[in-house]
Each structure stands twice: as C-alpha cells, then as structure tokens.
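What follows is the residue order along each chain.
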Amino acid sequence: MTGNKGIEKLIRSSLVTFGGYSPGKSPETLEGQVEVPVEGIIKLDANENPYGCSPRVQPALANYPGFNIYPDAGQTELRKSLEKYTGVGAEYIVAGDGSDQLIDLIVRLFVGPGDEVINCPPSFEMFSFSTELCGGSLVEVPRDENFAVNIKAVKAATGEKTKVIFLASPSNPTGTITPRSDILELLDTGRPVVVDEAYYEFSGETVVPLASKYKNLMVLRTFSKWAGLAGLRVGYGIFPPEIASYLLRIKPPYNVNVSALVAVRESLKDIDYLMRRVKAIVAERERLFGELEKLGFLKPVPSRANFILCSVLNGRASELQQKLEKKGILVRGFDKPMLRNFIRISVGKPEHTDAVIKALREIGG
Ligand SMILES: *Cc1c(COP(=O)(O)O)cnc(C)c1O
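Given the structure is predicted, the values throughout are model-derived calculations rather than measurements. (Residues numbered from 1 in each chain as written. Predicted model: local features only at pLDDT ≥ 70, side-chain atom pairs only at ≥ 80, totals over all residues. Heavy atoms only, no water.)

*Asks:* What's the story with the side chain of arginine 221 in this structure? I'm lost.
*Replies:* Summarising the element assignment, arginine 221 is placed in strand S7 (residues 217–222). Assessed through its relative accessible area of 3%, arginine 221 is described here as buried. At 3.0 Å, the side chain of arginine 221 forms a polar contact with the side chain of glutamate 197. Residues within four places of arginine 221 in sequence aside, it is in contact with Tyr85, Thr86, Ser99, Glu197, Tyr200, Thr206, Val208, Gly235 and Tyr236. (Helix = DSSP H or I, 4+ residues; strand = E, 2+ residues; numbered from the N terminus. Buried < 20%, exposed > 50% of the residue type's maximum accessible area, 1.4 Å probe, protein only. Polar contact = N/O pair within 3.5 Å; in protein donor to acceptor, adjacent residues only side chain to side chain. Contact = heavy atoms within 4.5 Å.)

*Asks:* How should the environment of tyrosine 21 be read in this particular structure?
*Replies:* Here tyrosine 21 lies in the loop between helix H1 (2–8) and strand S1 (42–43). Along the backbone, tyrosine 21 and serine 128 are 107 residues apart, and their C-alpha atoms lie at a distance of 9.6 Å. Not counting the four nearest positions on each side in its chain, tyrosine 21 is found in contact with Phe124, Glu125, Met126 and Phe129.

*Asks:* When you look at the packing of aromatic side chains in this model, what are you seeing that I'm missing?
*Replies:* For any pair of aromatic rings, the description consists of the separation of the ring centres together with the inter-plane angle of the planes. Tallied over the full model, the rule gives 11 aromatic pairs. Ring geometry for phenylalanine 124 and phenylalanine 127: centres 5.7 Å apart, planes at 80°, overall edge-to-face. On the basis of relative accessible area, phenylalanine 127 is assigned to the buried category, the value being 1%. Considering the side-chain rings of phenylalanine 147 and phenylalanine 342, the 5.9 Å spacing of their centres and the 70° angle between planes classify their relative orientation as edge-to-face. (Phe/Tyr/Trp six-rings, centres within 6.5 Å; stacked < 30°, edge-to-face > 60°.)

*Asks:* What exactly am I supposed to notice about unusual backbone geometry here?
*Replies:* Backbone geometry follows two general trends: most residues other than glycine have a negative phi, and most peptide bonds adopt the trans configuration. A cis amide bond links serine 169 to the next residue, proline 170, at an omega of -10°. Of note, the amide linkage connecting asparagine 172 to proline 173 takes the cis form, showing an omega dihedral of 15°. Locating proline 173 in the fold gives a position in the loop between strand S5 (162–168) and helix H7 (180–187). Of note in this structure, phenylalanine 147 is not a glycine but carries a positive phi near 65°. Locating phenylalanine 147 in the fold gives a position in the loop between strand S4 (137–140) and helix H6 (151–157).

What follows is the structure in structure tokens.
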C-alpha cells in the first residue's frame, strides 16, 4: 500500500492534475441504467455514421488471409491509394490510428515544454489534450458569439514561441466553417497551421489544394465519420513532404492495423455509395435543425457537419442530457466556459430524428 504512494510521487508533476478526455458513452456500459434494452439505445453522442460502413468491408475482413502478418510500416499502398481521393501525391500523406493519433504526433514533433500552442475554444478536445500531455503551453483565443475564429486575436497571440495553431473546419462541437480567406491569413504568419477536416465530406469545403503552396499547412482527415469506420481507427493527414517524412519516423511503426487497411481499400472502391449516405445525413441534418427550432426551448447553431450544437434556453443541459439518456437516447452535454449550457446532437437516420424530437417534446423545456 505504501509502495503505491512512492510510485505516484514519480509521475510527471504536470500530469497529476490532468483531467483526461471526456468520451461518448458505450451503450454496453449502460445496461440496466436506461429504460430500453442496450440494443435499443440511440447513439447520437459521438458523430458516428448511423448507416455503418460500406457493405464491401465486412466480407473483405471475413475473408482476409493475412492477420498474422504485421502491416507495412511505411503505409505504401494506403498512401498511394489516397492520391486520387485527395488530389495530392503519396509523399504528402501520413495515416494514423485515427486522426487523433496524428494530432498527438504533430504535437510531439513540434511542441516541447514551454512551447505555445494556439487553440480557439470551444474546439475539439484532443487539441488541448495532446498539448497538455506533451507539456506544451496552451494559448486560448476564444471564438466570437457566432463561434467564428477571431483571426485578429489569433494573429496577435502568435509569436516566436508559437509552435502550432490548431483549428477544425467544420469545427467540433460548433459545426461552423472557417472561411479560406481566414485560414490564408493564419498561414501568412508562417507558423505551422493544422486544419482538421474530419467533417470535410459533409461540408464539401477543403484547403487541401493549398497544400503544395504552403510549407506550414497540415490538413487532417478521417474515415471515422463519412466512411463509418470509427471503430477501426484510421485517419490521415496531408503534410508538407519534409514534415511527412518526420512523422513517418516518429510514429509507432505499425500504427494502422491490417483490418483498417483492408477497410479503407474497400471504402475507396465504394465512394459513390458512401457519398449517397453522406447526402442523406446532410438532408436529415436540415430536417433535424427545423424540428429542433420548433421546440422553442433549444437554439440550434447552423451546422456544416453531421451534428447540431444547441443552446439550451430553458433548464439545464446536463439534466436534459440525463433525461434523454434514461429514455435510451445519448447526446453530448456541455457546461463549461465558452460553452455554457449546450447539447450536441449527432445526425442519425430519419427514425432517430423522430425519436429524439418525440423525447424532447415529452421532456419539455
Ligand atoms: C471525430 C473527430 C476527429 C477524430 O477522428 P478519429 O479519426 O476517429 O480519431 C478528429 N477531429 C475532429 C474535429 C473530430 O470531430
């Protein structure tokens, strides 16, 4: 027992108070705590794809003969296969065990203790998570009341110590886009700029075409949302080739597993199918937005992604989230500085919209 204390004392002091990431809930952990069976839980808390992945993926995995062999550490086939989809050469591309891992690798590559990372909250939690884990110093430049990035303030906060400027577009949890002209202004600072395009397929807007021109631009993408592969963990980034070669050297050698490689290969053969699903989700997002507005006690924020952030006008977001959870509907609740009393609802199938609106009507404001 006393031994434990001794070991704890050896933990890096900066991590003793580290809060960790707050993930969505896994339905199997809610067994017995909600009014529906686990299979009936509607999961709208992690922006996952309600239609699943391409139907080509499962048979390809079932029949794959090589799970006993390590994947190619150089990701040669995967990087080559992404050339056509992204429009850039393989030398620009590095894949990760989810784009979360690429965020972590970027921070590890650039940021040491005392170095500054600019973050524009409310924003994706992994930006601050990885920065703090690396001992970097977080410089927070809040977004404005419409959740737009305050470009002037970001530029004013940028200096010699700035190692990375992080930005998601569309951003999570707001769903808002940062215009290309704003991103160009940030690129002109000359500091490394990361544009996380996890929701690119839903917004249709990208800065990837700028990649060959700007030596300080890094763009992140993922197969988790549009291609429905969140559980297999595969994302990629577009980097200046010199940076890509550093990332390939510092990444864990077998970071993208063989089943993820097989799933990506099949998904890229089925882009039309997957994009029809994306279109259905975008159409459903617009219907969900209208229905949320009609309720009268939520104020939805216009979104270019596959989720809608809502300000809770009457009552507490945390209570609303818990009441929905009891009914078997999972959403994300937020109550922190810059995001007081909000819920975020992922866009599901039409029947999920109907269920969440019905439940919200019953709960009332
Ligand atoms: C979901 C999400 C990711 C995570 O992607 P993974 O590839 O599943 O790790 C990255 N960035 C943003 C902004 C996201 O919302």
